Amino acid sequence: FDASREEFLEYDISKIIVSLSNSKKAVLGIYSSLPIEGLGMAMPGRQPDESSDPWFFLNELKETYDVRMIPDSSEIPSEISCLLLMHPKGLSNQAQYALDQYLLSGKSAFILVDTMCEADNVNPQAGNPMMPMNMNRSSELPLTLRKSGFSIPEGKVVLDRDLATQ
């Protein structure tokens with residue numbers, strides 16, 4: 001064990017136990033409208049920045065799971081044992097139906113919706129500096145959530161003002 005990672009000792013031991021007890025990684029499907037895989041290479045003439053790299057948590061998940069990115073499609077592959085929907089903005093009706101079928105099969109899902117997602121500003125219109133402030137930053141799954149008995153009040157958020165950062 002690395003002494004500089006002392007504060008992560010319990011996490012590291014747990015990760016080793018899980019990897020030794022499972023010969024095959026579970027398949028985690030991820031759908032997100034956010035650029036969690038990064039934005040790719042920097043544009044010519046621009047310096048690379050943090051947004052061109054995959055998000056940190058994605059690299060961590062890949063150490064434990066066989067991660068598969070799921071497109072907005074009408075089918076969720078059968079090998080997906082757990083599904084992470086992160087800010088599922090603008091899912092097609094076919095994709096929502098596929099999600100319903102997946103959930104009805106009894107498989108697990110972790111759904112993160114946000115009515116005011118600050119990270120959802122990656123495609124502002126060129127030349128319009130006000131566009132990021134005016135764009136719709138809400139994700140919702142009204143059909144799926146309503147069928148499951150959940151509702152999210154429009155324009156409401158839960159937060160801790162004392163721990164807020166920008």
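Residues numbered from 1 in each chain as written. Predicted model: local features only at pLDDT ≥ 70, side-chain atom pairs only at ≥ 80, totals over all residues. Heavy atoms only, no water.

Student: Could you give me a rundown of the environment of I111, with the residues and numbers involved?
Tutor: The residue I111 is located in strand β4 (residues 108–112) in this model. Taking the C-alpha atoms as reference points, I111 and L145, 34 residues apart in sequence, are found 9.7 Å from one another. Once residues within four sequence positions are removed from consideration, I111 is found in contact with L85 and L141. (Helix = DSSP H or I, 4+ residues; strand = E, 2+ residues; numbered from the N terminus. Contact = heavy atoms within 4.5 Å.)

Student: An account of the packing of aromatic side chains is needed here, citing residue identities and associated values.
Tutor: Working definition: an aromatic ring pair is given by the centre-to-centre distance plus the angle between the planes. Applying the stated rule across the entire model yields one aromatic pair. Measuring from centroid to centroid gives 6.4 Å for W55 and F57, while their planes differ by 65 degrees, and the two rings are edge-to-face. Classification of W55 by relative accessible area gives partly exposed; the value is 26%. For F57, a relative accessible area of 25% puts it in the partly exposed group. (Phe/Tyr/Trp six-rings, centres within 6.5 Å; stacked < 30°, edge-to-face > 60°. Buried < 20%, exposed > 50% of the residue type's maximum accessible area, 1.4 Å probe, protein only.)

Student: Describe the pattern of salt bridges, naming the residues involved and giving the relevant values.
Tutor: Throughout the structure, instances matching the rule amount to four salt bridges. As a salt-bridge pair, D12 and R5 come within 2.7 Å of each other at their nearest N and O atoms. R5 gets classed as partly exposed once you look at its relative accessible area, which sits at 32%. With a shortest N-O distance of 3.0 Å, R68 and E79 are connected by a salt bridge. Of the two residues, R68 sits in strand β2 (residues 66–69) while E79 sits in the loop between β2 and β3 (82–86), which places them eleven residues apart along the sequence. With a relative accessible area of 40%, E79 lands in the partly exposed category. Among the charged side chains, a salt-bridge network with shared partners connects D66, R68 and E79. (Salt bridge = Lys/Arg side-chain N within 4 Å of Asp/Glu carboxyl O.)

Function cannot be inferred from these measures alone, as they are strictly geometric.
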